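# Descriptive structure summary
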Amino acid sequence: MVDVQGTVADGFEPVRDAFAANFTRHGERGAAIVLYREGEKVVDLWGGTKNPDDGESGPEASGGGPEPWTQDTAQVVRSVTKGVAAAVPLLLHQRGQLDLDGRVSTYWPEFKAAGKERVLVRHLLAHRTGVPVLDTPLTPAEAVDGISGPRAVAAQRPVWEPGTAHGYHAQTYSWLLGELVRRVTGRTIGRWIAEEIARPLGLDLWLGLPEEQRGRVGRIAAVEALAAPAAHGPRLRPKRSVAEAYRDPESLTRRAFAAITPVPDENDPAYLAAELPASGGVATAEALARFYAALIGPLPSARTARSGGRLFAPATLTMARTEESAGPDRVLVVGTRYGLGYMLHGPACPLLGPGSFGHPGRGGSLAFADPEARIGFAYVTNGMRRGVTADPRAQALVRAVRTSLAAREA
């Protein structure tokens, strides 16, 4: 049994029970969940080990034993980063610095090459650009050098006519969004997030991890799912079409995730220091939940008072969660829904309710907001499992939140 640490407000005990059960039912190694409701923290839980015992590095490798996850442990959160990064162009639009209906090439002239002259900024945010793959994948070193990625996506010919379909830009989103922000603001997207979001809100969240923070970061490692007891139903398997897409080296699915080849070591300090808004963010669960809570309403705590209240104006919040893309996803194969930079609630990515918006991370982590329930939710894990949008550990926690809210309102 894992010793779960932290607190829950009265009525949210089902969340603690579900979090603890993830360690026994789903093979959880180390994780944390934080929940804000109406600007106040009502769940703050953590447990397990900071470094999964994969035998490669960390205290386990030296015989020092597992290092416990603590309240301030941060974690690489993979594509959860996309939801944080998406706030940047929306806030730039809110400030009158970026036209979401303008052409990307207005800000980044080189991007119009190879049939992309009509790509709009909103196409980029809604995964409609048609550039989820690279004909020549980047090496891990090229992916983080700040030059090769933007140059590659600018030269890449779309694999469908931009604006006519959607498909998850798993890796190329990094260079598409990062370069657009740099061209508009003169700052890297990591620096913009640090100066305009993380610092004012007091968030332990980085896109480009400072060297002095490395010791706080848990090591990620793959973990296998445990066989589900009969009482919890059969173990879910991907549909044949999805499984086939991941196996086929010529599919858009495989090519999109292989835009960086070979697969980068996400525990590498060079990777952690890079600014990859598609996948490279490092954060605590507290920071992510607080971020989403701040998108939808002011946080009445002293640390946040200097931020001036909520991040998104009502019109910006509406744009973030208004459906821009829906239906068969040419990369993920399943049906997906996107607003401007955010995944929306649906069968492929179940969130709290119809108005929820946020982003999962491949392997398990999840963060989102629900304005109607006045919720900011974040779950982070270092145990990476197969799957992109609906990890069973995250889903167990979302169901527990739903149960808790329903009981409070009954």
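Coordinates for the structure precede this section.
A brief structural summary.

Thresholds, definitions, all that
Residues numbered from 1 in each chain as written. Predicted model: local features only at pLDDT ≥ 70, side-chain atom pairs only at ≥ 80, totals over all residues. Heavy atoms only, no water. Helix = DSSP H or I, 4+ residues; strand = E, 2+ residues; numbered from the N terminus. Rg over C-alpha atoms; globule rule 2.2 N^0.38 Å. Buried < 20%, exposed > 50% of the residue type's maximum accessible area, 1.4 Å probe, protein only. Axes fitted to C-alpha atoms, helices over the stretch in contact; angles between N-to-C directions. Parallel < 35°, antiparallel > 145°, perpendicular 65-115°, else oblique. Contact = heavy atoms within 4.5 Å. Nonpolar A, V, L, I, M, F, W, Y, C, P; charged D, E, K, R; others polar. Core = buried A, V, L, I, M, F, W, Y, C linked by side-chain atoms within 4.5 Å. Pairing = 2+ DSSP bridges. Phe/Tyr/Trp six-rings, centres within 6.5 Å; stacked < 30°, edge-to-face > 60°. Lys NZ or Arg CZ within 6 Å of the ring centre and 35° of its normal. Left-handed = near helix turned anticlockwise from the far one by under 90°.

## A few points about the overall build of the chain
- Secondary structure assignment for the chain yields 15 helices and 14 strands.
- Scaling as 2.2 N^0.38, a compact globule of 410 residues should have a C-alpha radius of gyration of about 22 Å, and the chain matches this with 20 Å.
- Expressed along its principal axes, the backbone C-alpha trace of the chain runs to roughly 55 × 45 × 40 Å.
- A total of 410 residues make up the chain; the buried ones form 57% of that total.

## Details of the packing of helix 6 (residues 148-155) against helix 7 (residues 173-185)
- It is at 9 Å that the axes of helix 6 and helix 7 come closest, and there the two elements cross at 100 degrees. It follows from the interaxial angle that helix 6 and helix 7 lie roughly perpendicular. On the side of helix 6, the interface is formed by G149, P150 and V153, while helix 7 contributes W175, L176 and E179.
- Grouping the constituent residues of the contact of helix 6 with helix 7 by class yields four nonpolar, one polar and one charged.

## Some words on the nonpolar core
- I197, L288, F291, L295, F312, Y342 and F357 are the most contacted members of the largest nonpolar core, which has 76 residues in total.
- A total of ten residues in this core trace back to one element, the largest contributor, which is helix 12 (residues 285-296).
- Apart from residues no more than four positions distant in its own chain, L288 is found in contact with V77, V80, V84, L205, A283, A367, A378 and V380.
- A18, F23, A170 and Y379 belong to the second largest nonpolar core, which has 37 residues in total.

## Here's the deal with the pairing of strand 12 (residues 366-370)
- The buried fraction of strand 12 amounts to five of the five residues, a majority that puts the element mostly inside the structure.
- Burial of the side chains of strand 12 extends over both faces: L366, F368 and D370 are buried on one face and A367 and A369 on the other.
- Where strand 11 (residues 357-360) meets strand 12, four bridges bridge the pair, whose relative direction is antiparallel. Among the inter-strand pairings, F357 is bridged to a residue of strand 12, identified as A369.
- Following strand 11, the chain reverses through five residues before pairing antiparallel with strand 12; G363 in that reversal takes a positive phi of roughly 110 degrees.
- Note that strand 12 and strand 13 (residues 375-381) share five bridges and pair antiparallel. Bridging from a neighbouring strand, A369 pairs with G376 of strand 13.
- Counted along the chain from strand 12 to the antiparallel partner strand 13, the turn is four residues long, and its residue R374 has a positive phi close to 60 degrees.

## Examining the packing of aromatic side chains
- A complete count under the given rule lists nine aromatic pairs for this structure.
- On the basis of an interplanar angle of 35 degrees and a centroid distance of 5.0 Å, the ring pair of W108 and F111 is categorised as tilted.
- In this structure F111 comes out as buried when scored by relative accessible area, which is 0%.
- With 6.3 Å between their ring centres and 70 degrees between their planes, Y292 and Y342 make a pair best called edge-to-face. Taken together, the residues span a long stretch of sequence, with Y292 in helix 12 and Y342 in the loop between strand 9 (335-338) and strand 10 (343-344) at a distance of 50 residues. Of the two residues, Y292 and Y342, both sit in the buried class.
- Over the face of the ring belonging to F111 we find K116, whose NZ or CZ atom lies 4.9 Å from the ring centre.
- Residue placement shows R362 over the ring face of F257; its charged tip is 4.2 Å from the ring centre.

## Overview of the packing of helix 2 (residues 80-94) against helix 7
- Interaxial distance between helix 2 and helix 7 falls to 11 Å at its minimum, and their mutual angle equals 30 degrees. Relative to helix 7, helix 2 is oriented roughly parallel. Note that helix 2 runs across helix 7; the crossing there is left-handed. When helix 2 is examined against helix 7, the residues K82, A85, A86, V88, P89 and L92 are found in contact with a partner set consisting of Y173, L177, V181, V184 and T185.
- Looking at side-chain class alone, the contact of helix 2 with helix 7 contains nine nonpolar, one polar and one charged residues.

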